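As a plain string of letters, each chain reads:
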Amino acid sequence: MPDGTTAAPAGHPAEAAVETIQREMTAFARRARASAGRMHPELSLVSYTLLGHLEERDGRRATDLAAHYALDKSTVSRQVSALERAGLIERRVDPEDHRVQVLHLTESGRHMLDQVTESRRAAFRERLADWPEEDLVRFAAYLERYNAWRGAGRDEEPVRTSLPDTYG
């Protein structure tokens, strides 16, 4: 189609809806990646997500992060190294298994995460300011439902955002 959208087969509203969802979620992901740099130039969306997860879970091993987000270990390793160099996370010996190192936020990491989280919340509030409350609640529930899906044969916990209580 001229506007770049894909036409769904006529008479199949569910297929048309799936196409629209895919297109809009792709646009959302692009916008999220682009806005991450504006929120804080030194903190990528992946880094922000990892910091949020470490805060939410009070620390994790790098391998746990890779498994949770279905990321390659080398990707997580690069992100962890950058976060360590920036002084946002630190490694601590696991008290239950001294062979294992657990990643934790530093005070600087907590401060950075708080700043970026508040900036992101403000951006969402601005974008959703004219939405009726019932639409916000419904949209939030749909996103939770979508993100909670585990897929066939997948045992990992659902990926959760690190922005609790953003909608009440």
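Preceding block: the structure.
The structure presented is a predicted model; accordingly, all values stated were derived computationally and were not measured.

Trainee: Please clarify how the packing of aromatic side chains should be interpreted in this entry.
Mentor: The relation between two aromatic rings is expressed through the spacing of the ring centres and the mutual angle of the planes. Counted under the stated rule, the structure contains one aromatic pair. Here Trp131 and Phe139 contribute two aromatic rings whose centre-to-centre distance is 5.3 Å and whose plane-to-plane angle is 50 degrees, an arrangement assigned as tilted. Its relative accessible area of 37% is what places Phe139 among the partly exposed residues.

Trainee: How should helix H2 (residues 45–57) be read in this particular structure?
Mentor: Residues three or four positions apart in an α-helix share a direction because the helix packs 3.6 residues into each turn. Between its first and last C-alpha, H2 extends 18 Å over 13 residues, near the 18 Å set by a 1.5 Å rise per residue. Looking at H2, one finds that the buried residues are Ser47, Tyr48, Leu50, Leu51, Gly52, His53 and Leu54.

Trainee: I'm lost on the pattern of salt bridges in this one. Help?
Mentor: Close approach of charged atoms allows side chains of opposite charge to pair. Taken as a whole, this structure holds eight salt bridges when the rule is applied. Between Arg92 and Glu90 there is a salt bridge, and its shortest N-O distance comes to 2.9 Å. Owing to a relative accessible area of 37%, Arg92 belongs among the partly exposed residues under this scheme. Look at Glu90 and you get partly exposed, because its relative accessible area is 32%. Arg125 is the partner of Glu118 in a salt bridge, and the nearest nitrogen-oxygen pair spans 3.2 Å. The partly exposed category is assigned to Glu118, whose relative accessible area is 40%.

Trainee: What should I look at first to understand the nonpolar core in this one?
Mentor: If you look at soluble globular proteins, the nonpolar side chains tend to sit buried side by side. Within the largest apolar cluster, 18 residues are counted, with the highest numbers of intra-cluster contacts made by Leu43, Leu51, Leu83 and Ile89. Looking at this core element by element, the count peaks at four residues for H2. Contact partners of Leu51, with chain neighbours within four places excluded, come to Leu43, Leu83, Leu88, Ile89, Leu105 and Leu113.

Trainee: Explain the packing of H2 against helix H5 (residues 107–127) here, please?
Mentor: Two quantities define a packed helix pair, namely the angle between the helix axes and the distance between the axes. Contact geometry for H2 and H5: axes closest at 10 Å, N-to-C directions at 115 degrees. By the angle between their axes, H2 is roughly perpendicular relative to H5. With respect to the hand of their crossing, H2 and H5 are arranged in left-handed fashion. In contact with Leu45, Tyr48, Leu51, Gly52 and Glu55 of H2, H5 contributes Arg110, Leu113, Asp114, Val116, Thr117 and Arg120. The residue makeup of the contact of H2 with H5, split by class, is five nonpolar, two polar and four charged.

Rules used throughout
Residues numbered from 1 in each chain as written. Predicted model: local features only at pLDDT ≥ 70, side-chain atom pairs only at ≥ 80, totals over all residues. Heavy atoms only, no water. Phe/Tyr/Trp six-rings, centres within 6.5 Å; stacked < 30°, edge-to-face > 60°. Buried < 20%, exposed > 50% of the residue type's maximum accessible area, 1.4 Å probe, protein only. Helix = DSSP H or I, 4+ residues; strand = E, 2+ residues; numbered from the N terminus. Expected span 1.5 Å × (residues − 1). Salt bridge = Lys/Arg side-chain N within 4 Å of Asp/Glu carboxyl O. Core = buried A, V, L, I, M, F, W, Y, C linked by side-chain atoms within 4.5 Å. Contact = heavy atoms within 4.5 Å. Axes fitted to C-alpha atoms, helices over the stretch in contact; angles between N-to-C directions. Parallel < 35°, antiparallel > 145°, perpendicular 65-115°, else oblique. Left-handed = near helix turned anticlockwise from the far one by under 90°. Nonpolar A, V, L, I, M, F, W, Y, C, P; charged D, E, K, R; others polar.

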